[in-house]
Amino acid sequence: EALLGRVREAERGGRTAAAPRSRLDASAALRDAQQAGAAAVIVQPYPEADASALRALVDDLRAAGGRFVAVVTGAADGQPTLVVAASRDLASEGFDAADVVRQVAPLIRGGGGGRADMAQAGGSDPSGLDRALAEAARIALDALHAIEAR
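The sections below set out a description of the structure shown in this document.

Basis of the calculations
- Residues numbered from 1 in each chain as written.
- Predicted model: local features only at pLDDT ≥ 70, side-chain atom pairs only at ≥ 80, totals over all residues.
- Heavy atoms only, no water.
- Helix = DSSP H or I, 4+ residues; strand = E, 2+ residues; numbered from the N terminus.
- Buried < 20%, exposed > 50% of the residue type's maximum accessible area, 1.4 Å probe, protein only.
- Contact = heavy atoms within 4.5 Å.
- Areas by Shrake-Rupley, 256 points an atom, 1.4 Å probe, with all protein chains shown as cover.
- Expected span 1.5 Å × (residues − 1).
- Pairing = 2+ DSSP bridges.
- Salt bridge = Lys/Arg side-chain N within 4 Å of Asp/Glu carboxyl O.

## Considerations on the overall build of the protein
Counting its regular elements, the protein contains six helices and six strands. Mapped in sequence order, the helices and strands of the protein form the string α-α-β-β-α-β-β-α-α-β-β-α. Within the span of the protein, comprising 150 residues, buried residues form 41% of the whole. Pairs at least 24 residues apart make up 58% of the contacts formed inside the protein by residues separated by at least 6 positions. For the protein, the exposed surface amounts to about 8,000 Å²; the carbon and sulfur share of it is 51%.

Structure representation (structure tokens):
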């Protein structure tokens, strides 16, 4: 039993060690982004990503600098996750990621919240992710256009 416990622990450690290799590519996301005014708009599903990978992507986007809005989803282990984020300058100008997340979380039979510059939702229905991604992108773009029009 002790040996079996050590084997299980080693297996868990192996999965943890693999996490950095699965880091999402922020520079590729920025390359593929659409432009809306002066902001890069990233709308992308990452089917194998979990919430922490999506948040790490947002951190990497922030580190790259510039104005951006990101609407990204993941469904690792069948757990649907939506993350909406914006550069801090857009949040200070009125973009509210938490508002976007609260509006679309029911589409994945979940809930969520966060701050104006980053929010996330989790749910129980991965089949709603495509619709949630599209709706969150629409709401985020509407908010971005309103800010850019000022």
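## What about unusual backbone geometry?
In terms of backbone geometry, most residues other than glycine have negative phi values and most peptide bonds are trans. A positive phi angle is found at Asp77, which is not glycine, with a value near 55°. Here Asp77 lies in the loop between strand S3 (68–74) and strand S4 (81–86). Although it is not a glycine, Arg109 adopts a positive phi angle of roughly 50°.

## A few points about helix H6 (residues 129–149)
In an α-helix, one turn spans 3.6 residues, which is why side chains three or four residues apart end up on the same side. Taking 1.5 Å per residue as the helical rise, H6 with its 21 residues ought to reach 30 Å, and the 30 Å between its terminal C-alpha atoms agrees with that figure. By the burial criterion, the buried members of H6 are Leu129, Ala132, Leu133, Ala136, Ala137, Ile139, Ala140, Leu144 and Ile147. Packed against the buried residues of H6 are strand S1 (34–36), strand S2 (39–46), S3, S4, helix H4 (88–92) and helix H5 (97–104).

## Focus: the environment of Ala91
One can find Ala91 in helix H4. Ignoring any residue separated from it by four or fewer positions in sequence, one finds Ala91 in contact with Ala116 and Asp117.

## What about the pairing of S4?
As a general feature of sheets, a regular strand has side chains that alternate between the two faces. Across the six residues that make up S4, a large majority, six, are buried. Here S4 shows a buried face lined by Thr81, Val83 and Ala85 and a second buried face lined by Leu82, Val84 and Ala86. Taking the residues that link successive antiparallel strands as the turn, the S3-S4 hairpin has six residues, and the phi of Asp77 there is positive, at about 55°. As paired elements, S4 and strand S6 (residues 118–123) share five bridges and run antiparallel to each other. By the bridge assignment for S6, Thr81 is matched with Gly122.

## Notes on the side chain of Thr81
Structurally, Thr81 can be placed in strand S4. The buried category is assigned to Thr81, whose relative accessible area is 8%. Leave out the neighbours within four places in its chain, and Thr81 touches Ala51, Leu54, Val72, Thr73, Gly74, Ala121 and Leu129.

## Some thoughts on helix H3 (residues 51–64)
Compared with the 20 Å implied by 1.5 Å per residue over 14 residues, the 20 Å span of H3 between its first and last C-alpha is a close match. Contacts made by the buried residues of H3 are with helix H2 (26–31), S2, S3, S4, H4 and S6. Residue Gly65 follows H3 closely and has a positive phi angle near 80°.

## As for the pattern of salt bridges
Taken as a whole and judged by the stated rule, the model has nine salt bridges. Asp117 serves as the salt-bridge partner of Arg62, at 3.6 Å between the closest nitrogen and oxygen. Within this pair, whereas Arg62 is found in helix H3, its partner Asp117 is found in the loop between strand S5 (110–114) and S6, the two being separated by 55 residues in sequence. An identical accessibility class is assigned to Arg62 and Asp117; each is buried. Notably, a salt bridge pairs Asp142 with Arg138, separated by 3.0 Å at the nearest N-O pair. With Asp142 and Arg138 both in helix H6, this residue pair falls four residues apart, about one helical turn. The exposure class assigned to Arg138 is partly exposed, which follows from its relative accessible area of 41%. Look at the salt bridges and you will find they share partners, linking Arg62, Arg88, Arg115 and Asp117 into a network.

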